Amino acid sequence: MRIWFLFLLTFILLTSCGTYSEKELQNFDQQIQHYIQKNGLHFEKNESGMYYNILNEGVGEEFIQYQDQVSFAYKGYFLDGNTFQVVDESDPLNLKVNQLIAGWQDALMMLKSQGIIQIILPPQLAYGKKHTELIPENSILVYDIKILSIN
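Residues numbered from 1 in each chain as written. Predicted model: local features only at pLDDT ≥ 70, side-chain atom pairs only at ≥ 80, totals over all residues. Heavy atoms only, no water.

Participant: Any chance you could break down the overall build of the protein for me, citing the residues and the numbers?
Facilitator: Summing up its helical and strand segments, the protein has three helices and seven strands in all. When the elements of the protein are put in sequence order from the N terminus, they spell out α-α-β-β-β-β-β-α-β-β. Per-residue burial over the protein gives 42% buried out of 151 residues. Of the contacts formed within the protein by residues at least 6 apart in sequence, a portion of 71% connects residues at least 24 apart. For the protein, the exposed area adds up to about 8500 Å²; of that, 51% sits on carbon and sulfur atoms. (Helix = DSSP H or I, 4+ residues; strand = E, 2+ residues; numbered from the N terminus. Buried < 20%, exposed > 50% of the residue type's maximum accessible area, 1.4 Å probe, protein only. Contact = heavy atoms within 4.5 Å. Areas by Shrake-Rupley, 256 points an atom, 1.4 Å probe, with all protein chains shown as cover.)

Put into structure tokens, the structure is as follows:
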């Protein structure tokens with residue numbers, strides 16, 4: 001099961017590139033801003049359009065790099081609060097940063113080992129127009145991510 005998940009994740013990463021109109025991008029951003037305001041959250045926005053809240057930068061001197069392999073746990077959910085996946089610390093994923101969706105790449109490289117971050121990804125930084133078993137196309141995704149180690 002885990003191998004198929006990794007294959008699917010890699011396939012989606014490689015095929016999720018799609019273009020959106022400026023109007024669509026603005027709509028995604030408005031939905032995210034509404035979610036943040038409605039829930040009284042505090043997020044920063046980077047130039048790619050990812051919203052993030054670093055809860056703990058992590059320990060050590062080295063930030064995660066693009067080629068690093070990282071062990072992590074996370075919870076993924078939609079803006080309506082429905083959870084689509086949880087990967088627990090007792091059975092974490094262990095992947096290279098460059099195998100992950102664009103938004104995750106941006107987020108992980110802001111952290112060190114044991115870092116914790118919350119991110120909100122518009123579709124163009126996540127799975128885009130692809131529909132997966134767990135995630136409908138054009139979904140805005142929220143993740144709580146904890147880095148367990150850099151391998």
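Next comes the rest of the description.
Participant: Which residues make up the environment of Ile 101, and what are the values?
Facilitator: Topologically, Ile 101 is positioned in the loop between strand E5 (93–96) and helix H3 (102–108). Separated by 25 residues in the primary sequence, Ile 101 and Ala 126 place their C-alpha atoms 5.7 Å from one another.

Participant: Describe the nonpolar core, listing the residues and the values that go with them.
Facilitator: Phe 72, Trp 104, Ile 119, Leu 121, Tyr 143 and Ile 145 are the most contacted members of the largest nonpolar core, which totals 30 residues. Among the elements of the structure, strand E3 (69–78), strand E4 (83–87), E5, H3, strand E6 (116–121) and strand E7 (141–150) are those that each provide at least two residues to this core. Excluding residues that lie within four positions of it along the chain, Leu 121 makes contacts with Met 50, Ile 101, Gly 103, Trp 104, Ala 126, Ser 139, Ile 140, Leu 141 and Tyr 143. Core analysis: the next-biggest nonpolar cluster, separate from the first, contains eleven residues, Tyr 20, Tyr 35, Ile 36 and Tyr 51 among them. (Core = buried A, V, L, I, M, F, W, Y, C linked by side-chain atoms within 4.5 Å.)

Participant: Talk me through the side chain of Ser 139; I want residue IDs and the actual numbers.
Facilitator: Take Ser 139: it is sitting in the loop between E6 and E7. Within the structure, the side chain of Ser 139 is placed 2.6 Å from the backbone oxygen of Pro 136, a separation counted as a polar contact. Excluding its chain neighbours within four sequence positions, the residues that come into contact with Ser 139 are Phe 78, Leu 121, Pro 122 and Pro 123. (Polar contact = N/O pair within 3.5 Å; in protein donor to acceptor, adjacent residues only side chain to side chain.)

Participant: Summarise the side chain of Asp 29; cite the residues concerned and give the values.
Facilitator: Mapped onto the elements of the fold, Asp 29 is located in helix H2 (residues 22–38). If near-sequence neighbours (up to four positions away) are discounted, Asp 29 is found in contact with Lys 45 and Tyr 51.

Participant: Let's hear about the pairing of E4: which residues, and what values?
Facilitator: Across four bridges, E3 lies against E4 in antiparallel orientation. Its bridge partner being in E4, Lys 75 is matched across the sheet by Val 86. Remark: four residues form the turn of the hairpin made by E3 and E4, two consecutive strands paired antiparallel; Gly 81 in that turn has positive phi of roughly 95°. (Pairing = 2+ DSSP bridges.)

Participant: Quick one: what's the story with the packing of aromatic side chains, residue by residue and with numbers?
Facilitator: In the structure shown here, the tally under the stated rule is eight aromatic pairs. Ring plane angle 80° and centroid distance 5.0 Å describe the contact between Tyr 74 and Trp 104, whose orientation is recorded as edge-to-face. In this pair, Tyr 74 is assigned in strand E3 and Trp 104 in helix H3, connecting sequence segments 30 residues apart. Summarising the aromatic geometry, the rings of Trp 104 and Tyr 143 are spaced 5.0 Å apart at their centres and angled 80° between planes, so their arrangement reads as edge-to-face. A residue pair is termed long-range when its members are at least 10 positions apart, and Trp 104 in helix H3 and Tyr 143 in strand E7 qualify at 39 residues. With respect to burial, Trp 104 and Tyr 143 carry one shared label: buried. Of the aromatic side chains, those joined through ring pairs into one cluster are Phe 72, Tyr 74, Phe 78, Phe 84, Trp 104 and Tyr 143. Its guanidinium or amino end placed over the ring of Phe 63, Lys 112 lies 4.9 Å from that ring's centre, counting from NZ or CZ. If you follow Lys 129 out to its NZ or CZ, it ends over the ring of Tyr 20, 4.9 Å from the centre. (Phe/Tyr/Trp six-rings, centres within 6.5 Å; stacked < 30°, edge-to-face > 60°. Lys NZ or Arg CZ within 6 Å of the ring centre and 35° of its normal.)

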